[in-house]
Amino acid sequence: SAVISQKPSRDICQRGTSLTIQCQVDSQVTMMFWYRQQPGQSLTLIATANQGSEATYESGFVIDKFPISRPNLTFSTLTVSNMSPEDSSIYLCSAGQGDTEAFFGQGTRLTVV
Amino acid sequence: QKEVEQDPGPLSVPEGAIVSLNCTYSNSAFQYFMWYRQYSRKGPELLMYTYSSGNKEDGRFTAQVDKSSKYISLFIRDSQPSDSATYLCAMSAGNTDKLIFGTGTRLQVFP
């Protein structure tokens, strides 16, 4: 299994600012993903972080709002840009092992005020 | 119709009970099936992973997949208060395909 460290674990941010969330995996993984989980709801995939190329975004999510970096096989960042209170959520990164066992970080609880 | 349907609960059972959690799905291409446990304010923790149909047992947990009925189950034997959490099913069609999650079932095991 992969161990995933995500930081920050929580933050309170002013509207209009940006926050970058970091995700570090303890081993090289092919697939990394970013999810959003709103209170009391399930996980919604934001994008697949591709190593060496642009991320693949799901419907309803755009690069300008959620830029993603994946500089190598163990690290990725998600930026939440120009935040509004509607962006308040838990953001989770996950890493797959190629056979689709996907492990998650502990999440970043974001509150936008 | 959602691709994956899961009863949100809450499901409340006494300690020691057998718990049955279920998901149905519509996409016959799904081959990989997972169950996650998520405690409040934590990330999802992978509990069980199965490929195609059949059963898999790990301690008090048993996962079942019935592809003909498009139905998966997670059984928890001798449930404990520490099992109180939200249980999420997830599935995908292939090892490079995204996971599709159910909405999660909130389970409470009372002493």
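Keep in mind that what you see is a predicted model, and the values were worked out from it rather than measured.

Asks: Give me the overall build of chain B: which residues, what numbers.
Replies: The number of helices and strands found in chain B is 0 helices and 11 strands. Element order for chain B, N to C, with α for helix and β for strand: β-β-β-β-β-β-β-β-β-β-β. For chain B, the C-alpha radius of gyration of 13 Å lies close to 13 Å, the compact-globule estimate for 111 residues. With the C-alpha coordinates of chain B rotated into their principal frame, the extents come out at 40 × 25 × 25 Å. Residue burial in chain B is summarised as follows: out of 111 residues, 44% are buried. Within chain B, residue pairs in contact and separated by at least 24 positions form 54% of the contacts whose partners lie at least 6 positions apart. As displayed, chain B has an accessible area near 5,300 Å², and 46% of this comes from carbon and sulfur atoms. Looking at charge distribution, chain B has the averaged site of its 11 positive side-chain charges lying 5 Å from that of its 11 negative ones.

Asks: Go over the layout of surface pockets with me, naming the residues and quoting the values.
Replies: Taken as a whole, the largest pocket encloses approximately 540 Å³ of empty space. Considering the residues around the largest pocket, the lining is formed by 26 residues, among which Gln37, Pro39, Gly40 and Gln41 of chain A together with Thr86 of chain B are closest to the centre. Listing elements by their share of the lining of the largest pocket, those giving two or more residues are strand 9 (89–96) and strand 11 (108–112) of chain A together with strand 9 (85–92) of chain B. Class assignment for the residues of the lining of the largest pocket results in 8 nonpolar, 14 polar and 4 charged. Taken as a whole, the second largest pocket holds about 300 Å³ of empty space. Lining the second largest pocket are 17 residues, and of these Leu43, Thr44 and Leu45 of chain A together with Ile100 and Phe101 of chain B lie nearest its centre.

Asks: Requested: an account of the sheet that holds strand 3 (residues 19–25) of chain A, with residues and values cited.
Replies: Residues and elements named next belong to chain A. Reading across the sheet, the 4 strands line up as 1-3-8-7 and stay open at both edges, with antiparallel pairing between neighbours. Strand pairing shows two members of the sheet lacking a second neighbour, strand 1 (4–7) and strand 7 (68–72), which therefore form its edges. Going across the sheet, the axis of each strand differs from the next one's by a mean of 15 degrees, ignoring polarity.

Asks: How would you summarise the pairing of strand 9 of chain A if you had to cite specific residues and measurements?
Replies: Residues and elements named next belong to chain A. With 8 of 8 residues buried, strand 9 is to be regarded as a mostly interior element. In strand 9, alternate side chains face the same way, and those of Ser89, Tyr91, Cys93 and Ala95 on one face and Ile90, Leu92, Ser94 and Gly96 on the other are all buried. As defined by bridge partners, strand 4 (residues 31–37) adjoins strand 9 across 7 bridges and the pair is classed as antiparallel. Across the sheet, methionine 32 pairs through a bridge with alanine 95, a residue of strand 9. Relative to strand 11, strand 9 is paired through 3 bridges, and the arrangement is antiparallel. Each bridged residue has a counterpart across the sheet, and for isoleucine 90 the counterpart in strand 11 is arginine 109. With 3 bridges joining them, strand 9 and strand 10 (residues 102–104) adopt antiparallel strand pairing. Bridge assignment links glycine 96 to a residue of strand 10, and that residue is alanine 102.

Rules used in this analysis
Residues numbered from 1 in each chain as written. Chains lettered and ligands numbered in written order. Predicted model: local features only at pLDDT ≥ 70, side-chain atom pairs only at ≥ 80, totals over all residues. Heavy atoms only, no water. Helix = DSSP H or I, 4+ residues; strand = E, 2+ residues; numbered from the N terminus. Rg over C-alpha atoms; globule rule 2.2 N^0.38 Å. Buried < 20%, exposed > 50% of the residue type's maximum accessible area, 1.4 Å probe, protein only. Contact = heavy atoms within 4.5 Å. Areas by Shrake-Rupley, 256 points an atom, 1.4 Å probe, with all protein chains shown as cover. Lys, Arg positive; Asp, Glu negative; His and termini not counted. Charge placed at Lys NZ, Arg CZ, Asp CG, Glu CD. 1 Å grid on protein atoms, 1.4 Å probe; cavity = no way out; pocket = protein on both sides within 12 Å on 5 of 7 lines; lining within 4 Å. Points joined across faces, edges and corners; volume = space filled by probe spheres on them. Nonpolar A, V, L, I, M, F, W, Y, C, P; charged D, E, K, R; others polar. Pairing = 2+ DSSP bridges. Axes fitted to C-alpha atoms, helices over the stretch in contact; angles between N-to-C directions.

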